[in-house]
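# Secondary and tertiary structure notes
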Amino acid sequence: MKIKEKLEDLKLPDDIQLVAVSKKKPKELIEEAYIAGQRIFGENYMQEAVEKIKKLQKLSKIQWHYIGPLQSNKTKDAVKYFDLIQSVDRIKIARKLNMHAKDLNKIQKILIQINIGKEPQKSGVELSKLNHLIQYILTCDHLKWLGFMCIPPFHEDSKPYFQKMQEIYAKYQKQYSLSILSMGMSDDYLEAITFGANMVRIGTKIFGIRQ
Ligand SMILES: *Cc1c(COP(=O)(O)O)cnc(C)c1O
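## Considerations on the packing of aromatic side chains
In total, this model carries seven aromatic pairs according to the counting rule given. A ring pair is formed by tryptophan 145 and tyrosine 176, whose centres lie 5.4 Å apart and whose planes are at 50°; its orientation type is tilted. Highlighted residues: tryptophan 145 in strand E6 (residues 143–150) and tyrosine 176 in the loop between helix H7 (159–173) and strand E7 (180–182), separated in sequence by 31 residues. Ring-pair connections join several aromatic residues into one group, and the members of that group are Trp145, Phe148, Tyr172 and Tyr176. The lysine or arginine in question, arginine 39, covers the ring of tyrosine 34, its NZ or CZ lying 3.7 Å from the ring centre. Across the ring face of phenylalanine 154, the terminal group of lysine 122 is positioned such that the distance to the ring centre comes to 4.5 Å.

What follows is the structure in structure tokens.
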């Protein structure tokens, strides 16, 4: 099946933003998706992403989202190359992003990633530290915080986690004029939408399985 048909097959409502997750996929497939009308692409690995982004600069209005774990030595490239960084989860990273954004004279859009399943090895801020991180981010002149992202534990029913995220989003949305709740992947995006996701991140269902 062509990527165009796969995109149509997702049957996404118009008000849901789609991030086509192109990690480990060649630039030719990204171009095919772009020609089919897709504009937002998500990447996880900085070096791979930067190579592709440079090669695809000619595609106007293409947008890149960074969705992988962020190490502090990658924050400079994150700011340089990405429209939205979805995986901000600690003060140290926020501080560095803010610093680089200032240097580049940019207001960097970000999401806070929440470790909603409290998994020890997983990225994302724990709920107990969320308020502290938010208060810090609000002091960062060059960061614009737009909402939340989460990845529920694999091999578990996502529903209770999506529901929890929906509650958290509702709690902060008005006060901070948030506009993005990024959750749902190939196997659970329709469910995520029923719990208020307005941005879904889909890889496999568009580009096929990854090696
Ligand atoms: C890989 C990845 C996705 C896409 O996963 P699929 O199951 O291939 O749709 C979405 N979000 C994040 C953060 C990812 O790392």
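## What to know about the site of the ligand
Around the ligand sit Val21, Lys23, Asn44, Ile67, Ile151, Met185, Ser186, Arg201, Ile202, Gly203, Thr204 and Arg210, and those are all the residues in its vicinity. Contact between the ligand and arginine 210: an oxygen atom at 2.8 Å from a side-chain N or O atom of the residue. Considered on its own, the ligand offers 390 Å² of accessible surface; in the complex 91% of this is hidden by protein. Of the residues assigned to the shell around the ligand, the class counts are five nonpolar, four polar and three charged.

## Remarks on unusual backbone geometry
Here the phi dihedral of lysine 11 falls at roughly 50°; this positive angle occurs in a residue that is not glycine. Relative to the helices and strands, lysine 11 is located in the loop between helix H1 (3–9) and strand E1 (17–21). Its relative accessible area of 62% is what places lysine 11 among the exposed residues. Of note, serine 177 is a non-glycine position whose phi angle comes to about 50°, a positive value. The topology assignment puts serine 177 in the loop between H7 and E7.

## A short note on the layout of surface pockets
In this structure, the largest pocket encloses a volume near 690 Å³. In terms of lining residues, the largest pocket is bounded by 28 residues, among which Lys23, Ile151, Phe154, Met185 and Arg210 are the most central. Each residue belonging to the lining of the largest pocket can be placed in one class, and the counts come to ten nonpolar, ten polar and eight charged. Volume-wise, the second largest pocket comes out at about 200 Å³. Taken together, 13 residues line the second largest pocket, and the ones lying closest to its centre are Leu7, Leu12, Ile16, Leu18 and Gln38. Residue classes in the lining of the second largest pocket are distributed as eight nonpolar, two polar and three charged.

Cut-off values and rules
Residues numbered from 1 in each chain as written. Predicted model: local features only at pLDDT ≥ 70, side-chain atom pairs only at ≥ 80, totals over all residues. Heavy atoms only, no water. Phe/Tyr/Trp six-rings, centres within 6.5 Å; stacked < 30°, edge-to-face > 60°. Helix = DSSP H or I, 4+ residues; strand = E, 2+ residues; numbered from the N terminus. Lys NZ or Arg CZ within 6 Å of the ring centre and 35° of its normal. Near = heavy atom within 4 Å. Polar contact = N/O pair within 3.5 Å; in protein donor to acceptor, adjacent residues only side chain to side chain. Areas by Shrake-Rupley, 256 points an atom, 1.4 Å probe, with all protein chains shown as cover. Nonpolar A, V, L, I, M, F, W, Y, C, P; charged D, E, K, R; others polar. Buried < 20%, exposed > 50% of the residue type's maximum accessible area, 1.4 Å probe, protein only. 1 Å grid on protein atoms, 1.4 Å probe; cavity = no way out; pocket = protein on both sides within 12 Å on 5 of 7 lines; lining within 4 Å. Points joined across faces, edges and corners; volume = space filled by probe spheres on them.

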